[in-house]
Amino acid sequence: MDASPALDVLLPADRAGRIEPDDAEAALRALYAYPDEPWVRANMVTTLDGAAAGPDGRTGSINGPPDHRVFQVLRALSDVVLVGAGTVRAEGYRAPRTPPALRAARDEAGQGPDPELAVVTGRGDLPAALLDDRPTPWVFTTSDAPFLGHLRAHLPVDRLHVADGPLDVGRVVRTLVDAGRRRVLTEGGPQLLGALLAEGLVDELCLTQSPVVTGGGPPLVAAGGTPRLAHAAPAHLLHADGFLVGRWVLARG
């Protein structure tokens, strides 16, 4: 990964300026601070023509150092990173690891050294290496998941949540919040984000626009959920090297 670039603040206008690279990322942490209430933040990247991944099906082929800089801060601020199983497999997820320079802020906030991982899966076919990671991931699945036995062999009972019927993303979020994981960061993929948006569960969307086009192929950043129009207000917009890094607060109700 290239060196972290400076980020120009385009919005809001009264905070225009430049956020220089900083190992502790004090300015970015303040900009992205969670409110003092349960909050679901989504973080996604898209090409200029709307694809959620490159032709290889991975986000790594369309993101870059500006996006990565913010990505690390968003993770460091969160209690839990919520993702779908397809994204776990495509992106090779493991337990999140906080850069050492950002751990002091987590300690001051009463958080553990690293955010936890929560995975939503209909089949349960998750890599054993991920299930055996520390901290142990949360896994939400159904009673008819073909690989339920595999999950039970690797996870303690308090981290495996099995629904009798279809997966309910609202229950997933409530379970995490009730367990004290109030600062939720979801990184998709599109199916999970679509489901969360359809249920009105996303409080804000952090969306990076990458300066590339694909000409079609991979899905949009949100897909599969029941269409629902949610109005959003821009909180801020950053720029570096052609990347636009935006944060939008979604209206509730």
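Because the structure is predicted, anything quoted here is derived from the model rather than measured.

The rules we used
Residues numbered from 1 in each chain as written. Predicted model: local features only at pLDDT ≥ 70, side-chain atom pairs only at ≥ 80, totals over all residues. Heavy atoms only, no water. Pairing = 2+ DSSP bridges. Helix = DSSP H or I, 4+ residues; strand = E, 2+ residues; numbered from the N terminus. Axes fitted to C-alpha atoms, helices over the stretch in contact; angles between N-to-C directions. Contact = heavy atoms within 4.5 Å. Phe/Tyr/Trp six-rings, centres within 6.5 Å; stacked < 30°, edge-to-face > 60°. Buried < 20%, exposed > 50% of the residue type's maximum accessible area, 1.4 Å probe, protein only. Lys NZ or Arg CZ within 6 Å of the ring centre and 35° of its normal. Core = buried A, V, L, I, M, F, W, Y, C linked by side-chain atoms within 4.5 Å. Expected span 1.5 Å × (residues − 1).

J.: Help me understand the sheet that holds strand S10 (residues 232-240), please; the structure alone is not making it clear to me.
T.: Taken in spatial order, the 11 strands line up as S2-S1-S10-S11-S9-S3-S8-S4-S5-S6-S7 in an open sheet, and their pairing is mixed. With partners counted over all chains shown, the strands left at the sheet margins are strand S2 (17-19) and strand S7 (160-163), one partner each. Averaged over neighbouring strand pairs, the angle between their axes works out to 25° when direction is ignored. Strands in contact with helix H2 (residues 65-77) are strand S1 (7-11), S2, strand S3 (39-47), strand S4 (80-84), strand S8 (183-186), strand S9 (204-210), S10 and strand S11 (243-250); relative to S3, the strand with the most contacts, it is inclined by about 165°. Lying over the sheet, helix H8 (residues 190-198) contacts S3, S4, strand S5 (116-120), S8, S9 and S11, oriented at roughly 110° with respect to S4.

J.: Teacher, can you tell me more about the packing of aromatic side chains here?
T.: Aromatic ring pairs are described here by two measures, namely the spacing of the ring centres and the angle between the planes. Tallying each qualifying case throughout the model produces one aromatic pair. Plain terms: the ring middles of Trp-138 and Phe-140 are 6.5 Å apart, the flat faces sit at 5° to each other, and that makes the pair stacked. Taken individually, Trp-138 and Phe-140 each receive the classification buried, so the pair is uniform in this respect. Here the guanidinium or amino end of Arg-41 rests over the ring plane of Tyr-34, the centre of that ring lying 4.2 Å away.

J.: How do you make sense of the environment of Val-212 when you look at a structure like this?
T.: Inspection of the secondary structure assignment puts Val-212 in the loop between S9 and S10. Along the chain, Val-212 and Ser-61 lie 151 residues apart, while their C-alpha atoms are 9.8 Å from each other. Excluding its chain neighbours within four sequence positions, the residues that come into contact with Val-212 are Thr-47, Leu-48, Asp-49 and Ile-62.

J.: Please explain the pairing of S9 as it appears in this structure.
T.: Remark: a regular strand shows side chains that alternate across the two faces of the sheet. Of all seven residues that make up S9, five are buried, and the element is covered over most of its length. As judged from the seven bridges shared by S3 and S9, these two strands associate in the parallel manner. Paired with Val-45 across the bridge in S9 is Thr-208. Across six bridges, S9 lies against S11 in antiparallel orientation. Residue pairing in the sheet places Leu-207 in a bridge with Gly-246 of S11.

J.: What should I look at first to understand the nonpolar core in this one?
T.: A general tendency of soluble globular proteins is for nonpolar side chains to be buried together. Membership of the largest hydrophobic core comes to 33 residues, with the highest contact counts inside it found for Leu-28, Tyr-32, Val-70, Leu-126 and Leu-238. A per-element tally of this core places H2 first, with four residues. Grouped together as the second largest cluster of nonpolar side chains are 22 residues, Val-40, Ala-52, Leu-82 and Val-173 included.

J.: Is there a simple way to explain H2 in this structure?
T.: Counting along an α-helix, one turn takes 3.6 residues, and residues three or four places apart therefore face a common direction. In a regular helix each residue adds 1.5 Å, so 13 residues correspond to 18 Å; H2 covers 19 Å between its end C-alpha atoms and thus fits that length. The element H2 is largely enclosed, with a buried count of 10 among its 13 residues. Among the residues of H2, Pro-65, Pro-66, Asp-67, Arg-69, Val-70, Val-73, Leu-74, Arg-75, Ala-76 and Leu-77 are the ones counted as buried.

J.: Help me out: how do you make sense of H8 in this one?
T.: Of all the positions in H8, only Pro-190, Leu-192, Leu-193, Gly-194 and Leu-196 are classed as buried. Those residues of H8 hidden inside the fold are in contact with S3, S4, S5, helix H7 (169-178), S8 and S9. Looking at the residues trailing H8, positive phi occurs at Gly-200, about 70°.

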